[in-house]
Amino acid sequence: MKTASATSQSAKPTNKPTVANNKGGAYFQKDGPADHIPVNLNLVPDAVPQTEPLIKSANLPYSAMGMNFRPDTSDKPFKATGVASWYGKQFQGRKTTSGERYDMFAMTAAHPTLPIPSYVRVTNASNGKSVIVRINDRGPFHRNRAMDLSYAAAYKLGFVKQGSARVSIERVWPVAGGEAIASNSPEVRQEDNPRYLQLGSFNKLANAEALLKKMLDEMDDHYDAKLGIVNQQGNYKVRLGPFPTDAAVRSAAESLKVGNVVMKD
């Protein structure tokens, strides 16, 4: 499963243990940001929920740091609040519980009990910023922390320098049909789906970023908050939205003098 990432370069595997019993977020032991941070990290697309089979070995009951955990493999809603931290270069390239290599610039996260894989929307309580991440690892194993986020996710949520932040966590699911990214319910009615005006679709993130910058320079300011990039099935899509109705999408297209045209690179 390819995750949304700011870089396609794979980190070299290490000979260190692949299971970290004490992932501590910012600057734990020799942890911290990478020596070279990709530009425009704030434009890394959120993870797009996909229908994926659960990884059996990653969802078995387990013990860590003197605590016992039983992953919840049900398909039911999940909401929680707590403190989130992030983990960085010390773990870059190590195997996560899912078996995938940790990429600190991908939109992923670790949680003690949510299914692997699954998707959650994380919102920073102090600034309202929100991201969607894919759960592919276990941790943190501290009673005062709810989850560990990738460096990219923490960066987009605005708490990299602080090291931790109080967040709300809500499980989300893929939406069948339409242009919605995710739903907070496993059963979504089609009429509830928000609409998006697609401005371009690219194979390369850099080309999507260039169009996004162009649109920001040309559009009215009140559209800025609705403009973004999402990664859907390997394509970086520049979209405007969400809008509540098809009529609202058409109105936006007319005011911007654009059509719902898909551009390829």
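Residues numbered from 1 in each chain as written. Predicted model: local features only at pLDDT ≥ 70, side-chain atom pairs only at ≥ 80, totals over all residues. Heavy atoms only, no water.

Draft legend 1. A look at the overall build of the protein chain. The number of helices and strands found in the protein chain is three helices and eleven strands. Burial analysis of the protein chain (265 residues in total) assigns 49% to the buried set. When contacts within the protein chain are restricted to residue pairs at least 6 apart in sequence, long-range pairs at least 24 apart make up 74% of them. For the protein chain, the exposed area adds up to about 13600 Å²; of that, 49% sits on carbon and sulfur atoms. (Helix = DSSP H or I, 4+ residues; strand = E, 2+ residues; numbered from the N terminus. Buried < 20%, exposed > 50% of the residue type's maximum accessible area, 1.4 Å probe, protein only. Contact = heavy atoms within 4.5 Å. Areas by Shrake-Rupley, 256 points an atom, 1.4 Å probe, with all protein chains shown as cover.)

Draft legend 2. Just the sheet that holds strand β5 (residues 118-124), in detail. Overall, mixed pairing links the six strands, which are arranged β3-β7-β4-β6-β5-β8 in a closed barrel. Each neighbouring strand pair of the sheet contributes to a mean axis angle of 45°, computed without reference to strand direction. Of the strand pairs in this sheet, β5 and strand β8 (residues 164-172) are connected by six bridges, and their pairing is antiparallel. What sits directly across from V120, in β8, is R171. (Pairing = 2+ DSSP bridges. Axes fitted to C-alpha atoms, helices over the stretch in contact; angles between N-to-C directions.)

Draft legend 3. Seen up close, the packing of aromatic side chains. Counted under the stated rule, the structure contains eight aromatic pairs. Summarising the aromatic geometry, the rings of Y87 and Y102 are spaced 4.3 Å apart at their centres and angled 10° between planes, so their arrangement reads as stacked. Here Y87 is found in strand β3 (residues 79-87), whereas its partner Y102 is found in the loop between β3 and β4 (108-110), with 15 residues between them in sequence. There is no split in this pair, since Y87 and Y102 are both buried. Taken together through their ring pairs, the aromatic side chains of W86, F105, Y151 and Y155 make up a single cluster. Lying across the ring of Y196, R239 places its NZ or CZ 3.9 Å from the centre. (Phe/Tyr/Trp six-rings, centres within 6.5 Å; stacked < 30°, edge-to-face > 60°. Lys NZ or Arg CZ within 6 Å of the ring centre and 35° of its normal.)

Draft legend 4. Seen up close, the confidence of the model for the protein chain. For the protein chain, the mean per-residue pLDDT works out to 78, and 75% of the residues sit at or above 70. Across the protein chain, the secondary-structure element scoring lowest on mean pLDDT is strand β10 (residues 227-232), at 78, and the one scoring highest is β4, at 96. Note on residues 1-29: pLDDT is under 50 here. Beyond four places in sequence and across chains, it has 70 contacts. Overall, residues 259-265 carries pLDDT values under 50, and its contacts beyond four positions in sequence, including any with other chains, amount to 21 contacts. (pLDDT = per-residue confidence, 0-100.)

Draft legend 5. Quick look at the nonpolar core. M107, V120, V122, V133, M147, L149 and F159 are the most contacted members of the largest nonpolar core, which totals 37 residues. Those elements that place two or more of their residues in this core are β3, β4, β5, β6 (130-137), β7 (147-150), α1 (151-157) and β8. Here the element with the most residues in this core is α1; it accounts for five residues. Those residues in contact with L149, other than ones at most four positions away along the chain, are A84, S85, W86, Y87, Y102, T108, A109, V122, V133, A154, L157 and F159. L43, V238, F243 and L256 belong to the second largest nonpolar core, which has 21 residues in total. (Core = buried A, V, L, I, M, F, W, Y, C linked by side-chain atoms within 4.5 Å.)

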